[in-house]
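# What the coordinates show
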Amino acid sequence: MPYLAPAGTPVTISDVLHGISRAARGDEVAGALVDTLSRLSGLPRAWPVSSGRAAMTVILRAMRRTATDRERDEVIVPAYTCYSVPAAIKRAGLKPRLVDIDPATLSPDVGLLAEADYTHVLAVVSSNLYGLPNDLPAIESICRERGVWFLDDAAQALGASIAGRPAGAFGDAGLYSFDKGKIISTMQGGAIVSGAHALASEIASETGAMPSTTLAESVANVAKLAIYSVFLRPALYGIVRALPFTGLGHTVYDTRFPITRLSPPLTAVAARLLARLDALAASRHRNAAALRSALRVLPGIDVVDPLPGAVPAYARFPLRVPHARRASLIAALVRAGIGATASYPHALADVPEVRARLPANQPDTPAARAVAAAIVTLPTHAYCPPDFAGRVRDAVIACVD
Ligand SMILES: *Cc1c(COP(=O)(O)O)cnc(C)c1O
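Let us look at the structure shown here. (Residues numbered from 1 in each chain as written. Predicted model: local features only at pLDDT ≥ 70, side-chain atom pairs only at ≥ 80, totals over all residues. Heavy atoms only, no water.)

## Some remarks on the site of the ligand
Inspection of the region around the ligand gives 17 residues, with Gly52, Arg53, Asp153, Gln156 and Lys182 positioned closest. Take Gly52: an N or O atom from its main chain is 2.7 Å from an oxygen atom of the ligand. Of all the secondary structure elements, the ones that give two or more residues to the shell around the ligand are α3 (52-66) and α4 (84-91). (Near = heavy atom within 4 Å. Polar contact = N/O pair within 3.5 Å; in protein donor to acceptor, adjacent residues only side chain to side chain. Helix = DSSP H or I, 4+ residues; strand = E, 2+ residues; numbered from the N terminus.)

## Focus on the pattern of salt bridges
Scanning all chains against the criterion turns up 21 salt bridges. Of the charged contacts in the structure, one is a salt bridge between Arg391 and Asp387, with a shortest N-O distance of 3.9 Å. Its relative accessible area of 44% is what places Asp387 among the partly exposed residues. The residue Arg393 makes a salt bridge to Asp394 at a minimum N-O spacing of 3.7 Å. In this structure Arg393 comes out as partly exposed when scored by relative accessible area, which is 32%. Through salt bridges that share partners, Arg61, Arg65, Glu202 and Glu206 make up one connected network. (Salt bridge = Lys/Arg side-chain N within 4 Å of Asp/Glu carboxyl O. Buried < 20%, exposed > 50% of the residue type's maximum accessible area, 1.4 Å probe, protein only.)

## Observations concerning the sheet that holds strand β4 (residues 121-125)
The mixed open sheet is built from seven strands, whose spatial order is β1-β9-β8-β5-β4-β2-β3. Every interior strand has two partners, whereas the edge strands, β1 (45-49) and β3 (95-99), have only one. Looking at each pair of strands side by side, their axes are set apart by 25° on average, direction ignored. Lying over the sheet, helix α2 (residues 26-41) contacts β1, β8 (173-177) and β9 (190-194), oriented at roughly 125° with respect to β1. α4 contacts β2 (74-78), β3, β4 and β5 (149-153) of the sheet and is inclined by roughly 175° relative to β2. (Pairing = 2+ DSSP bridges. Axes fitted to C-alpha atoms, helices over the stretch in contact; angles between N-to-C directions. Contact = heavy atoms within 4.5 Å.)

## Some remarks on unusual backbone geometry
A positive phi angle, close to 60°, is found at Tyr130, a residue other than glycine. As for its placement among the helices and strands, Tyr130 is situated in the loop between β4 and α6 (136-146). Judged by its relative accessible area of 1%, Tyr130 falls in the buried class. Located in the positive-phi region is Tyr314, a residue other than glycine, with phi close to 50°. Within the element layout of this structure, Tyr314 appears in the loop between β11 (310-311) and β12 (317-320). Taking relative accessible area as the criterion, Tyr314 reaches 6% and is therefore assigned buried.

## Considering the layout of surface pockets
In this model, the second largest pocket occupies a volume close to 310 Å³. Asp27, Ala30, Pro48, Arg261 and Leu262 are, among the 16 residues lining the second largest pocket, the residues nearest its centre. Those elements that place two or more of their residues in the lining of the second largest pocket are α2, β1, α7 (198-208) and α10 (264-275). Broken down by element, the residue count for the lining of the second largest pocket peaks at four residues, all from α2. Looking at the lining of the second largest pocket residue by residue, the class counts come to eight nonpolar, six polar and two charged. (1 Å grid on protein atoms, 1.4 Å probe; cavity = no way out; pocket = protein on both sides within 12 Å on 5 of 7 lines; lining within 4 Å. Points joined across faces, edges and corners; volume = space filled by probe spheres on them. Nonpolar A, V, L, I, M, F, W, Y, C, P; charged D, E, K, R; others polar.)

## Considering empty space enclosed by the protein
A complete count under the given rule lists one cavity of 30 Å³ or more for this structure. For the largest cavity, the calculated volume is near 30 Å³. Around the largest cavity sit Leu295, Ile301, Leu319, Leu329, Leu333, Val376, Leu378, Val392 and Val396, which together line it. Elements with a minimum of two residues in the lining of the largest cavity: α12 (323-335), β13 (375-378) and α15 (388-400). Across the lining of the largest cavity, the residue classes tally to nine nonpolar, no polar and no charged.

## Observations concerning the packing of helix α8 (residues 215-231) against α10
Here α8 crosses α10 at 40°, and the two axes come no closer than 8 Å. Here α8 lies oblique to α10, going by the angle between them. Of the residues in α10, those in contact with Ser218, Asn221, Val222 and Leu225 of α8 are Pro264, Pro265, Leu266 and Val269. Classifying every residue of the contact of α8 with α10 by side-chain character gives six nonpolar, two polar and no charged. (Parallel < 35°, antiparallel > 145°, perpendicular 65-115°, else oblique.)

## Observations regarding the environment of Pro312
With respect to the helices and strands, Pro312 occurs in the loop between β11 and β12. Separated by 193 residues in the primary sequence, Pro312 and Thr119 have C-alpha atoms spaced 33 Å apart. Beyond its immediate stretch of four places on either side in the chain, Pro312 contacts Gly131, Leu132, Pro133, Ala160, His285 and Pro306.

Shown next, in the form of structure tokens:
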């Protein structure tokens, strides 16, 4: 039976061949991607790198070296976000401090953020989960008042905006990811964006010293991308998702990721996918709007609403359901061929590797825990068929009865 992957971007074989054909012109393709990222973010500087977590590690190291107070070693992160975020913080030699989230919007709770203990804080990181912009203007002004850096993590929010400004472009530096579940996907990859300031020079020297990918790695990247481009199709995804060795859908805390430049073929593919961003965004918006009107009237379903003034990118469509109903609801959707997921299984405070590194005066984060127990994400990508929202609604209703 056809199966809609939980997230993804259609990549064609022609995109992959384009990447291969341009791979020898590494500097030229990198320049083209940098120009596109600058245009999208409105920021003058951009650097393609091997992943979003590599981008975060590089930015945090540069922030530490550029900080006036070198003793500051804590990074405030939303208490429910991707586990790669605390992993990158560890890799940068820093420690996480959690701020609880607003369960209705998934944004860091700005009241709690304003009251946090900043004694040892170097930087604050946003999450913009599922492509819904956090309250970035408020986070930015709190960071300015407190004199700490703000890293706008738009790994899932390429193309989103709030108050007329792109996600990723708030604060001092931002990042995007091109990994499997993100807005565009080259299987792995990411980018840093920033303004032109002292921090940017430090980021430039970090990225300048980065190793390039080897030819063998580039070949492996292209092979993986070719497989992805074929198997993301609904007709075939149902087969791969059943294979245990793919690791699909598993969330891991791993600090041993490579930190290199983005390989030339993937750089070329990323630039080509970004040229289609408007069309990709339009189909995500259509699917999200259809899901919203189909689901918001159903009892027991809380659709997560964007903040006022936000234009989400909808990497996925998030909703909250009572925990007792969640497993059966997801099972019903999966039986209907729809890649519904429970997203990250735990709040960061309940991830043992993170918990062990939290400060002694870390407040509890009950809202993040409640969201981890209640969240469901639905696909929004361009492979979703026109009757998709109706099928989701029918599966949800059948499950309640
Ligand atoms: C995916 C993700 C990252 C890390 O990006 P990778 O390219 O997978 O390393 C960072 N932050 C958030 C919020 C993410 O979703």
